[in-house]
Amino acid sequence: MIPLAYPIALSALLFTIGIVGVMIRRNAIMMFMCVELMLNAANIAFIAFARSLGQMDGQVFVFFVITVAAAEVAVGLSLIVAIFRTRGSIEVDDLHDLRR
Amino acid sequence: MNVETLLSVLVGGVALAAAIAMVVTRNMVHSALFMVVVFLATAVLYLVYQAPLIAMLQITVYAGGIMVLFLFVIMLIGAEKMAHTENLRWQRPLAFGLTGTLLVETIYVAAAQLKLPDPVAVSPDFGGPKAVGLVLFSQYLLPFELTSILLLVAMMGAVVLTIRREKTR
């Protein structure tokens, strides 16, 4: 059996890469993709612990995280499309006023 | 080091490399494709950790649904042709510094205080559809129904946000 430290380290590293991506990319879609990367990193930790403890609860939780991520992506991307239609830009540095 | 550990390390390395490439590359379509590689590598990792149903769900929903949605939106708004804007000069070093601090803190806390449990032996159909279904529809039935309502609301929200009304004459 795989020692539990490896997937936990992988999860932490992927999460950190996601955080760096959110901070240094200024495009709304890129930031959204890095948020999805962070969710994925948490899922890896859940699956590893579920296997290690022999309980199914971790996997059911990953099921729910995947579902909620799908719903969140649908609404978030439609928000981005709506913002792009109104403002013409999706760089978050340009979106600093509440009115045009 | 047995085959399972070696495989998980290799797949984890692929996921890490693809994640770094996704964050660094300037072309957004390339980023989306690297993201697909990350999701596929994660699905293989789930298979190694005896979660076959979740692995197939990951490929179907994440790589096959969510990333396709991303690519649709990227091409819909023409983002692959967008000019790359420069960010503020102090943002990048600050981001790396803060994230490095976070990583060092996490490693320190984990190494000092984390007591990882020893893996227990599991039956061969651990993680199969029957096992997931038994827990999902008995113990987690309420969250399951709530997620169905959540998906309905998300669908309605996506339509409401992007619908263009015809101007009546």
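Parameters and conventions
Residues numbered from 1 in each chain as written. Chains lettered and ligands numbered in written order. Predicted model: local features only at pLDDT ≥ 70, side-chain atom pairs only at ≥ 80, totals over all residues. Heavy atoms only, no water. 1 Å grid on protein atoms, 1.4 Å probe; cavity = no way out; pocket = protein on both sides within 12 Å on 5 of 7 lines; lining within 4 Å. Points joined across faces, edges and corners; volume = space filled by probe spheres on them. Helix = DSSP H or I, 4+ residues; strand = E, 2+ residues; numbered from the N terminus. Nonpolar A, V, L, I, M, F, W, Y, C, P; charged D, E, K, R; others polar. Contact = heavy atoms within 4.5 Å. Buried area = accessible area lost by both parts, 1.4 Å probe. Salt bridge = Lys/Arg side-chain N within 4 Å of Asp/Glu carboxyl O. Polar contact = N/O pair within 3.5 Å; in protein donor to acceptor, adjacent residues only side chain to side chain.

Quick notes on the layout of surface pockets
Here the largest pocket is characterised by a volume of approximately 390 Å³. Considering the residues around the largest pocket, the lining is formed by 16 residues, among which Ile-8, Ala-9 and Ala-12 of chain A together with Ala-110 and Leu-114 of chain B are closest to the centre. Looking at the lining of the largest pocket, the elements with two or more residues in it are helix 1 (5-24) and helix 2 (28-53) of chain A together with helix 4 (91-113) of chain B. Classifying every residue of the lining of the largest pocket by side-chain character gives 14 nonpolar, two polar and no charged. Quantified by volume, the second largest pocket comes out at close to 270 Å³. Considering the residues around the second largest pocket, the lining is formed by 17 residues, among which Val-20 and Ile-24 of chain A together with Val-23, Val-24 and Phe-96 of chain B are closest to the centre. Listing elements by their share of the lining of the second largest pocket, those giving two or more residues are helix 1 of chain A together with helix 1 (3-24) and helix 4 of chain B. Partitioning the lining of the second largest pocket into residue classes produces nine nonpolar, five polar and three charged.

As for the interface of chain A and chain B
Residue-level contacts link 66 residues of chain A with 78 residues of chain B. Between chain A and chain B lies a buried interface of about 6,700 Å² when both sides are counted; carbon and sulfur atoms form 78% of it. Here chain A is connected to chain B by zero salt bridges. Counting the contacts that link chain A with chain B gives eleven residue pairs in polar contact (both at pLDDT 80 or more). Secondary-structure elements contributing two or more residues to the side of chain A that touches chain B are helix 1, helix 2 and helix 3 (57-87) of chain A. It is helix 3 of chain A that provides the largest number of residues to the side of chain A that touches chain B, a total of 22 residues. Residue classes in the side of chain A that touches chain B are distributed as 48 nonpolar, eleven polar and seven charged.

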